[in-house]
Amino acid sequence: MSTGVGTRPFLEWVKGEIIMKHISYNEKTKVFKLHTKNSVYQMQVRDYDTLAHLYFGADIGDSDASHRIISLDRGFSGNPYEAGDDRTFSLDVLPQEYSGYGNGDYRINALEVTHEDGSDAIHLRYESYQMTEGKYSLKGLPCMFGNAEEAETLEIVLYDRITNLKVHLLYGVFYDLDVITRSVRIENKGDRTVTIQRAMSMEMDYPNKHMDLIHFYGRHSMERLTERLPLYHGVQSVESKRGMSSHQHNPFVILCDRGTSEKHGDCYGFALAYSGNFRCEIEVDQMEQARLVIGIHPYHFSFRLNTGDVFETPEVIMAYSSEGLSGLSHIYHDAYRSNLIRSKYVTAPRPILVNNWEATYFNFDEEKLYNIAKNAKEIGLDMFVLDDGWFGKRDTDYSGLGDWVVNESKIKGGLPHLVSRIKALGMKFGLWIEPEMVSEDSDLYRNHPDWILRIPQRNMTRSRHQLNLDITRKEVRDYVMAQIFRVLDSCGADYVKWDMNRSVANVYSSALPSERQGEVFHRYMLGVYEMMEQLVTRYPDLLFENCAGGGGRFDAGMLYYSPQIWCSDNTDAIDRLKIQYGTSFGYPISTMGAHVSVCPNHQTGRTTPFETRAVVASAGTFGFELDLEHLTPEEREMAQKQIQEYKKIEHLVQTGDYYRLSDPFRNDDYVIWQFVSKDKKETVVNGVQLRNEPNPHIHLIYLDGLLPQEHYEDLATGSVYTGAALMKAGIPLPVGKGDYQPIQFHFIKTDKH
């Protein structure tokens, strides 16, 4: 074993412990402790240099949790050869920090490799550690950032003595944010090639199975619906093999005690900052222990490491809360806003936009677009966004993708001419792009048919009449981005919406040898991240919105590049109640792209009041997606007022604490949510009454997050309540006059009594 050193003399020796501010190692007990404001994480180097996991949860003072591990002789659980006659030590039942395959642990493992001789055993032993100030970084991968005042890093090195494969476990500790991040760096220090078959970003062992799994499932246009299931014996998994984090499952899960609610109980969050294939597995073993692993999906994955090569896994952002699901959400919301999202628009007011897609689809010309922008300016909007159809031969979704040249048969005089007219109105301008895709009917495909993902001698799988470009290839990335940069430079765009409208298929790159085809999915994702990094570096003031057919890549990885993501292609206000509710568990409200659209809604045919559509969209970035020329005079007046009202509460949406006051999956009468300013001086309560009834019940809602002894004034009525009254006695919902009626309250702290 060796002792690590830091970047300056900040390590202290206290009673046998080497201590940083929030990381310590006890030389005698061999226990590592990582502290955040309200939690502690513990590991221990045990017999035969095995790194065991001890504890993650509420702070337990200066005690270590090694007493929780009891060694017994377990039948059919093998013992390491070096244990000799000791039949009580078995990796098959020991809580471990990061386990390998083929060493007697039959549970799900974190790491699996294949050696040159075809064997696949890997036995990881503790070698050394190092503590440093600041947060570690990952090459080409999104991750949280933190300077020496914000974060500390612990690096623990494990090794396999036969192959000299080094596994660096990376821990980022954000004390004030209550967050610990984890990643793994795998380094081949041996003299033979090693092929990684499975490399999870983390492993977590719990002493019992008495927990629930909360995950977020769905489909295109109905993403991130919530489901809560008890852990059971065997393996449960949440995963995507679509080349994207997907509409179907989200790379964020919660484990919680059976009795955990919004306000009370222990819960643990695991968010993978990755936008490609992922897998989260939870196994309850023979001893009623629960093990969770999360990382890149092993499906169609392998990565060859020659001597000296390094592979880094995506980062997992972990958090613990003893204050229920709301407390956990607040941790993630604050952490992402302060130390993941890099855009100035984290706190700066964002332009409220109108997008032309549902107004025109592909059927537009310059005058149609200009008139939408002119009407937008008249009602107080800040930006016009031109969506799909402005480039190449793009009159339908059968053609044009890849030809990022303005279609002057639609936009006479070119994009710069249109943009100059729009900016002359005092409006900003935004543009839609889809850089990862190509149409078969395009000049790009005709000139470079080998620039796509395509399995030799097999027919391709089409989706939305488009194919995946081979983004693993640098020449493809450079060509596409050069075209897009020419367009953006020519028009001075203020906003870009980056879309992806199909899953990744036909997974084979003609630029890689056969033994590296298992790297395609991951190299594709690294290529996308590189392209996005180029975009945000070249245009640091750009408002960048991610999209993948709506919410197909709504994940922490994408938030590293863009402060907002189009939440769903479904703009129906009533469906959005469930979509935005589920999204709020792990992602800040200010990251959810949300628009007021036309009724009957284009996706569902449902009609909801104009005011209700605005209330729902205000739980997000807020904008419009309809033909403003067709608004009635009454709707125009309402839209103007909605824009003004949103600007009054935008600071709460961007930086306030968010509370889910009802569950749309369990309550079909109403859905209510609340924003509270950090200083607790202001709160907004919004919602929708879903059904009206004759002789109705009077429903009370109970606010949260206020100061009990302070007084709050209802700005609509002038009524004054104590914070305690609003939280404990509740306030009645207004009696509605129809289905889908909006609910709005706005309170400010007052000296009035």
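Residues numbered from 1 in each chain as written. Predicted model: local features only at pLDDT ≥ 70, side-chain atom pairs only at ≥ 80, totals over all residues. Heavy atoms only, no water.

Draft legend 1. Broad picture of the overall build of the protein. For the protein, the helix and strand inventory stands at 12 helices and 41 strands. A compact globule built from 753 residues should have a C-alpha radius of gyration of about 27 Å, and the protein, at 27 Å, falls within 12% of that. Taken along its principal axes, the extent of the C-alpha atoms in the protein is 85 × 75 × 50 Å. Taken over 753 residues, the protein has a buried fraction of 62%. If you take every contact in the protein between residues at least 6 apart in sequence, the share linking residues at least 24 apart comes to 69%. (Helix = DSSP H or I, 4+ residues; strand = E, 2+ residues; numbered from the N terminus. Rg over C-alpha atoms; globule rule 2.2 N^0.38 Å. Buried < 20%, exposed > 50% of the residue type's maximum accessible area, 1.4 Å probe, protein only. Contact = heavy atoms within 4.5 Å.)

Draft legend 2. Expanded view of the sheet that holds strand β23 (residues 353-355). Across the sheet, nine strands lie side by side as β31-β30-β29-β28-β25-β24-β23-β33-β32; this open sheet has parallel pairing. The sheet terminates laterally at β31 (592-593) and β32 (595-597), the two strands that pair on one side only. Where strand β24 (residues 383-386) lies against strand β25 (residues 428-433), four bridges are found, and the strand directions are parallel. The residue of β25 that forms the bridge with L386 is L431. Against the sheet, helix α3 (residues 366-378) makes contact with β23 and β24, and its axis sits at roughly 155 degrees relative to β24, the strand it touches most. (Pairing = 2+ DSSP bridges. Axes fitted to C-alpha atoms, helices over the stretch in contact; angles between N-to-C directions.)

Draft legend 3. Looking closely at the sheet that holds strand β39 (residues 720-722). Taken in spatial order, the six strands make up an open sheet running β34-β35-β36-β41-β38-β39, and their pairing is antiparallel. Every interior strand has two partners, whereas the edge strands, β34 (657-660) and β39, have only one. Recorded for the sheet is a direction-independent mean angle of 25 degrees between the axes of neighbouring strands. Note that strand β35 (residues 670-676) and strand β36 (residues 682-689) share seven bridges and pair antiparallel. In the strand pairing of β36, Q674 is matched with V685.

Draft legend 4. Region of the structure containing the packing of α3 against helix α4 (residues 414-424). Put simply, α3 and α4 touch, their axes get as near as 10 Å, and they point 20 degrees apart. By the angle between their directions, the pair α3 and α4 is classed as roughly parallel. Between α3 and α4 lies a crossing whose hand is right-handed. Counting all contacts with α3, which are made through E366, E367, L369, Y370 and A373, the residues of α4 involved are H417, L418, R421 and I422. (Parallel < 35°, antiparallel > 145°, perpendicular 65-115°, else oblique. Left-handed = near helix turned anticlockwise from the far one by under 90°.)

Draft legend 5. Representation of unusual backbone geometry. Of note, the bond from C599 into P600 is cis; its omega dihedral lies within 30 degrees of zero at -5 degrees. In this structure, P600 sits in the loop between β32 and α10 (610-617). Despite not being glycine, S221 shows a phi value in the positive range, around 80 degrees. You can see S221 is positioned in the loop between β13 (211-219) and β14 (222-230). Under the relative-accessibility criterion, S221 is labelled buried at 14%. At S246, a position not held by glycine, the phi torsion is positive, near 95 degrees.

Draft legend 6. Broad picture of empty space enclosed by the protein. Inspection of the entire model under this criterion finds seven cavities of 30 Å³ or more. Here the largest cavity is characterised by a volume of approximately 140 Å³. For the lining of the largest cavity, the residue count by class is six nonpolar, five polar and three charged. (1 Å grid on protein atoms, 1.4 Å probe; cavity = no way out; pocket = protein on both sides within 12 Å on 5 of 7 lines; lining within 4 Å. Points joined across faces, edges and corners; volume = space filled by probe spheres on them. Nonpolar A, V, L, I, M, F, W, Y, C, P; charged D, E, K, R; others polar.)

Draft legend 7. Expanded view of helix α6 (residues 474-491). With 18 residues, α6 extends 26 Å from end C-alpha to end C-alpha; this agrees with the ideal 26 Å at 1.5 Å per step. Along its buried surface, α6 packs onto α4, β25, β28 (495-498) and α7 (520-538). Looking at the residues trailing α6, positive phi occurs at G492, about 65 degrees. (Expected span 1.5 Å × (residues − 1).)

Draft legend 8. Structural detail: the pattern of salt bridges. Evaluated as defined, the whole model comprises 58 salt bridges. Where E82 meets R125, a salt bridge forms, and the shortest distance between an N and an O atom there is 2.8 Å. Of this pair, E82 sits in the loop between β6 (50-58) and β7 (111-115) while R125 sits in strand β8 (residues 125-133), placing them 43 residues apart in sequence. According to the relative accessible area criterion, R125 is buried, its value standing at 12%. The residue E530 makes a salt bridge to R477 at a minimum N-O spacing of 3.0 Å. Placement of E530 in helix α7 and of R477 in helix α6 is noted, with a sequence separation of 53 residues between them. Several salt bridges converge on common partners, so that one network encompasses D105, R107, E203, D205, D285 and R291. (Salt bridge = Lys/Arg side-chain N within 4 Å of Asp/Glu carboxyl O.)

Draft legend 9. Focus on the packing of α6 against α7. Remark: α6 packs on α7, axes separated minimally by 11 Å, with the N-to-C direction vectors making an angle of 25 degrees. As summarised for this structure, α6 and α7 are arranged roughly parallel, according to the angle between their axes. In the crossing of α6 with α7, the sense of the turn from one axis to the other is right-handed. Note on element contacts: α7 touches α6 through G527, E530, M531, Q534, L535 and R538, opposite R477, D478, V480, M481, F485, L488 and D489. In the contact of α6 with α7, the residues fall into six nonpolar, two polar and five charged.

Draft legend 10. Expanded view of helix α1 (residues 324-339). Along its 16 residues, α1 runs 23 Å from first to last C-alpha, staying within 8% of the 22 Å computed at 1.5 Å per residue. Across the 16 residues that make up α1, a large majority, 14, are buried.

Draft legend 11. View of the packing of aromatic side chains. For the coordinates displayed, the defined rule picks out 41 aromatic pairs. The interplanar angle of 45 degrees and the centroid separation of 6.4 Å between the aromatic rings of Y299 and F521 together place this pair among those described as tilted. Of the two residues, Y299 is situated in the loop between β19 (290-296) and β20 (303-305) and F521 in helix α7; the sequence distance between them amounts to 222 residues. Y299 sits in the partly exposed class, given a relative accessible area of 41%. With relative accessibility at 11%, the residue F521 sits in the buried group. Centre to centre, the rings of F391 and W404 are 4.4 Å apart; their planes meet at 40 degrees, and the pair counts as tilted. (Phe/Tyr/Trp six-rings, centres within 6.5 Å; stacked < 30°, edge-to-face > 60°.)

So far we have only geometry, and geometry alone does not tell us how the molecule works.
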